[in-house]
Amino acid sequence: MQRWSETSQWNFLQKFYLLEAEEHFCNERYGSAKQSYDVAVSYAARHKFIFDEALACELAGYFSLDIKENSTSFDYFKRAYEKYQSWGAHGKATTLRPLWNNF
């Protein structure tokens, strides 16, 4: 993925940072994970990859929920819901609704 992101940043950079964030999260490097999630979301939004932005927000929401940053988690889940809706993935978007009951 890193090689692809170097040769075609437009298409793969957000995916690379999302995978990096997940790796940091799994290895309990929470500061690095948070930064990588934010970069993944930013690149996906900048390059207009709505699905990638939705997925990055959703995963960042689960991450934030796990580290007890509930208000941040809510913001990520809300943004993911909106992006899934705008992409046309209404069924996927509705799966995020029950998570809002945690707040």
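Data block above holds the structure.
Now for a look at the structure at hand. All values reported here derive from a predicted model rather than from experimental measurement.

What counts and how
- Residues numbered from 1 in each chain as written.
- Predicted model: local features only at pLDDT ≥ 70, side-chain atom pairs only at ≥ 80, totals over all residues.
- Heavy atoms only, no water.
- Salt bridge = Lys/Arg side-chain N within 4 Å of Asp/Glu carboxyl O.
- Helix = DSSP H or I, 4+ residues; strand = E, 2+ residues; numbered from the N terminus.
- Buried < 20%, exposed > 50% of the residue type's maximum accessible area, 1.4 Å probe, protein only.
- Axes fitted to C-alpha atoms, helices over the stretch in contact; angles between N-to-C directions.
- Parallel < 35°, antiparallel > 145°, perpendicular 65-115°, else oblique.
- Left-handed = near helix turned anticlockwise from the far one by under 90°.
- Contact = heavy atoms within 4.5 Å.
- Nonpolar A, V, L, I, M, F, W, Y, C, P; charged D, E, K, R; others polar.
- Expected span 1.5 Å × (residues − 1).

**Some points on the pattern of salt bridges**
Overall, the coordinates contain six salt bridges when judged by the stated rule. Between Glu53 and Lys83 there is a salt bridge, with the nearest N and O atoms lying 3.8 Å from each other. Of this pair, Glu53 sits in helix H4 (residues 50-66) while Lys83 is found in helix H5 (residues 70-87), placing the two residues 30 residues apart along the sequence. When its relative accessible area of 4% is taken as the criterion, Glu53 is described as buried. One continuous salt-bridge network, built from bridges that share partners, spans Glu53, Arg79 and Lys83.

**Remarks on the packing of H4 against H5**
Between H4 and H5, whose axes approach to 8 Å, the crossing angle comes to 155°. The orientation of H4 with respect to H5, classified from their angle, is roughly antiparallel. The way H4 lies across H5 gives a crossing that is left-handed. Residue-level contacts link Ile50, Phe51, Glu53, Ala54, Leu55, Cys57, Glu58, Ala60, Gly61, Tyr62, Ser64 and Leu65 of H4 to Asn70, Thr72, Ser73, Tyr76, Phe77, Arg79, Ala80, Lys83, Tyr84, Ser86 and Trp87 of H5. Broken down by class, the residue content of the contact of H4 with H5 amounts to 13 nonpolar, six polar and four charged.

**Here's the deal with H4**
An ideal rise of 1.5 Å per residue puts 24 Å on 17 residues; H4 measures up with 24 Å between its terminal C-alpha atoms. Within H4, burial applies to Asp52, Glu53, Ala54, Ala56, Cys57, Glu58, Ala60, Gly61, Phe63 and Ser64. Trailing H4 by a residue or two, Lys68 shows a phi angle of about 70°, which is positive.

**Looking at the environment of Glu23**
Along the chain, Glu23 turns up in helix H2 (residues 9-26). Classification of Glu23 by relative accessible area gives partly exposed; the value is 47%. Placed 10 residues apart in sequence, Glu23 and Ala33 show a C-alpha to C-alpha distance of 7.7 Å.

**A short note on the packing of helix H3 (residues 30-46) against H5**
Here H3 crosses H5 at 25°, and the two axes come no closer than 14 Å. With respect to each other, H3 and H5 are oriented roughly parallel. When you trace H3 past H5, the crossing you get is left-handed. Where H3 approaches H5, its residues Lys34, Asp38, Val41 and Ala45 are matched on the opposing element by Thr72, Tyr76 and Arg79. Here the residues of the contact of H3 with H5 sort into three nonpolar, one polar and three charged.

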